[in-house]
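One-letter residues, chain by chain:
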Amino acid sequence: MSAARPTEPGIRVLVVEDDPVAADAHQLYVGRVPGFTTVGVAHSRVEAARLLERTETDLILLDLYLPDGHGLQLLRSLRAAGHQADVIAVTSARDLTVVREGVSLGVVQYVLKPFTFATLRDRLTRYAEFRAAAGEASGQEEVDRALGALRAPQPSSLPKGLSAPTLEAVTRTLRASAAGLTAAEAGVEVGISRITARRYLEHLVTDGRAARSPQYGHVGRPELQYRWVPSSR
């Protein structure tokens, strides 16, 4: 009887994120995408460098704001040392100068916080498609197709009747409330009706960015309390 073949590790991912809650969420998200395996979690630039010295890594999920230096400083030192791991920046940084510099250092994707599992899954899947491309291209079209795998799709339109500015206002209000909000409370804060606020809050629940639970202690039917999901920030 022949010996069993060793299990392929898949695409090996190092999570670099200073926020422990976000780091745990990113590790959980990676584990839910077939073909990807988390090989380590680092909470600082120094810790990441040490892990990369002894751990084979294909892809780094890199937060750019680390307690002991900028993520691009880590990336510069890695490139100088000959490390070739690809990088997906997972960050709240929106400075396009930083984005351009990151691309020059090998950042293949940017995922802006807050984001959902579906967003990261899409980026990882596209990266896997790009990585799987091999051999010699038959022409320009095939080259374009390989590079196109890294491009994010056009943002999907909101459900009919919802607007991006109001969604942003509801999102900002919900994130600022540690205890959560009912639709009525969110409506008052944003300046919209309870019914309208509930539509936006339900959209956030569907998108995985909010959770709801019944609020008891009042006469009549319990109200739904909406809370921001911390791992989506």
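Throughout, a residue's number is its position along its own chain's written sequence, starting from 1. In keeping with the model being predicted, local features are shown solely for residues with a pLDDT of at least 70 and side-chain atom pairs are shown and tallied solely at 80 or more, while totals for entire chains, interfaces and linings include all residues. Each side-chain value is derived from all of the structure's non-hydrogen atoms; neither hydrogens nor water enter the calculation.

Considerations on the nonpolar core
Test applied: Buried residues of nine kinds, namely Ala, Val, Leu, Ile, Met, Phe, Trp, Tyr and Cys, make up a nonpolar core once their side-chain atoms join them within 4.5 Å. Throughout, exposure labels follow a simple rule: accessible area from a 1.4 Å probe, protein chains only, divided by the maximum for the residue type, with under 20% read as buried, over 50% as exposed, and the rest as partly exposed. Each helix is a run of H or I in the DSSP string that is no shorter than four residues. Each strand is a run of E no shorter than two, and both are numbered from the N terminus. Two residues form a contact once any of their heavy atoms are found within 4.5 Å.
Counting residues in hydrophobic clusters, the biggest one holds 22 residues, and the most contacted among them are Val-16, Ile-60, Leu-62 and Leu-64. Looking at this core, the elements with two or more residues in it are β1 (11-16), α2 (45-54), β3 (59-62), α3 (71-80), β6 (86-91) and β7 (107-112). The biggest single contributor to this core is α3, with four residues. With near-sequence residues (within four places) excluded, Ile-60 lies in contact with Leu-14, Val-16, Leu-52, Leu-78, Ala-85, Asp-86, Val-87 and Ile-88. Within the second largest apolar cluster, 17 residues are counted, among which are Leu-59, Val-90, Val-111 and Phe-117.

Here's the deal with the sheet that holds β1
Strands belonging to one sheet form pairs held by backbone hydrogen bonds; the direction of such a pair is parallel or antiparallel. How we decide: Should DSSP find at least two bridges between two strands, the strands are taken to pair. To obtain an axis, a line is fitted to C-alpha atoms, over the contacting stretch when the element is a helix, and the angle between two such axes runs from 0 to 180 degrees between their N-to-C directions.
In space, the five strands of this open sheet follow the order β2-β1-β3-β6-β7, with parallel pairing throughout. Each having just a single partner strand, β2 (36-42) and β7 make up the two edges of the open sheet. The mean inter-strand angle of the sheet, taken between neighbouring strand axes irrespective of direction, is 20 degrees. Sheet analysis places β3 next to β6, joined by four bridges and oriented parallel. Each bridged residue has a counterpart across the sheet, and for Leu-62 the counterpart in β6 is Ala-89. Its contacts with the sheet put helix α1 (residues 20-31) on β1, β2, β3 and β6, and the angle it makes with β2 is roughly 165 degrees.

Quick word on the confidence of the model for the chain
Detailed reading of the predicted model is not advised wherever pLDDT is low. Inclusion rule: The score called pLDDT rates the predictor's confidence residue by residue, from a low of 0 to a high of 100.
With 82% of its residues at a pLDDT of at least 70, the chain reaches an overall mean of 83. Overall, residues 1-7 carries pLDDT values under 50, and its contacts beyond four positions in sequence, including any with other chains, amount to zero contacts.

Focus on the pattern of salt bridges
Let me state the cut-off plainly: Each reported salt bridge corresponds to a side-chain nitrogen of Lys or Arg within 4 Å of a carboxyl oxygen of Asp or Glu.
Evaluated as defined, the whole model comprises eleven salt bridges. Notably, a salt bridge pairs Asp-122 with Arg-126, separated by 3.2 Å at the nearest N-O pair. Taken together, the residues span about one helical turn, with Asp-122 and Arg-126 both in helix α5 (residues 117-132) at a distance of four residues. The class for Arg-126 is buried, based on a relative accessible area of 19%. For the salt bridge of Arg-212 with Glu-202, the shortest nitrogen-to-oxygen distance reads 2.7 Å. With a gap of ten residues between them, Arg-212 in strand β8 (residues 210-215) and Glu-202 in helix α9 (residues 194-206) connect regions that are remote in the sequence. Linked through salt bridges whose partners overlap, the residues forming this network are Arg-12, Glu-56, Asp-58 and Arg-131.

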